[in-house]
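The primary structure of each chain is shown beneath.
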Amino acid sequence: MLSKILSTKHNMNYRRKGNQCRDARDWPGAVAAYTQHLVENNADQPIWVQLGHAWKEQGQLEEALKAYQGAVDLDIDDADANSHLADILLRLGRDEEALAAYQRLTGCGKRLFP
């Protein structure tokens, strides 16, 4: 039990460190911290989005795509994740896939505005 508590606390430090790096625009630091956080907590959907942002800021669009896709895989109705995924797909010239992500956004509105 104590090891799980300590592990969770340690892992939250990676999340916090990632956020601090993001706020300081230290994109490589954010990628490293978020990646480490996701090793132990790969269901933290908002951090997949943040990881995508950090990769995108470095011009690493394929890596950003993987992160945003991870976020969408965890919550297909998340408007933010779908929006960023569609943007990256469009930048990569994957127009049909981008269109599908944009089309999912129309369904997301039901959840955002009940």
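Coordinates for the structure precede this section.
Treat the numbers as computed from the prediction; the structure is a model and nothing was measured.

Reading the values: the criteria
- Residues numbered from 1 in each chain as written.
- Predicted model: local features only at pLDDT ≥ 70, side-chain atom pairs only at ≥ 80, totals over all residues.
- Heavy atoms only, no water.
- Axes fitted to C-alpha atoms, helices over the stretch in contact; angles between N-to-C directions.
- Helix = DSSP H or I, 4+ residues; strand = E, 2+ residues; numbered from the N terminus.
- Parallel < 35°, antiparallel > 145°, perpendicular 65-115°, else oblique.
- Left-handed = near helix turned anticlockwise from the far one by under 90°.
- Contact = heavy atoms within 4.5 Å.
- Nonpolar A, V, L, I, M, F, W, Y, C, P; charged D, E, K, R; others polar.
- Buried < 20%, exposed > 50% of the residue type's maximum accessible area, 1.4 Å probe, protein only.

Moving on, we come to the packing of helix H3 (residues 45–57) against helix H5 (residues 79–91). One can describe the packing of H3 onto H5 by two numbers: an axis separation of 10 Å at closest approach and a directional angle of 30°. The angle between H3 and H5 places the two elements in the roughly parallel class. At the point where H3 passes H5, the crossing takes the left-handed sense. Residues Gln45, Val49, His53 and Lys56 of H3 lie in contact with H5, whose contacting residues are Asp80, Ala81, His84, Asp87, Ile88 and Arg91. Looking at side-chain class alone, the contact of H3 with H5 contains three nonpolar, three polar and four charged residues.

Position of Cys21 among the secondary structure elements: in helix H1 (residues 2–23). For Cys21, the residues in contact, after removing those within four places along its chain, are Asp26, Gly29 and Ala30.

Bringing the environment of Gln20 into the picture now. Mapped onto the secondary structure, Gln20 falls in helix H1. The exposure class assigned to Gln20 is partly exposed, which follows from its relative accessible area of 46%.

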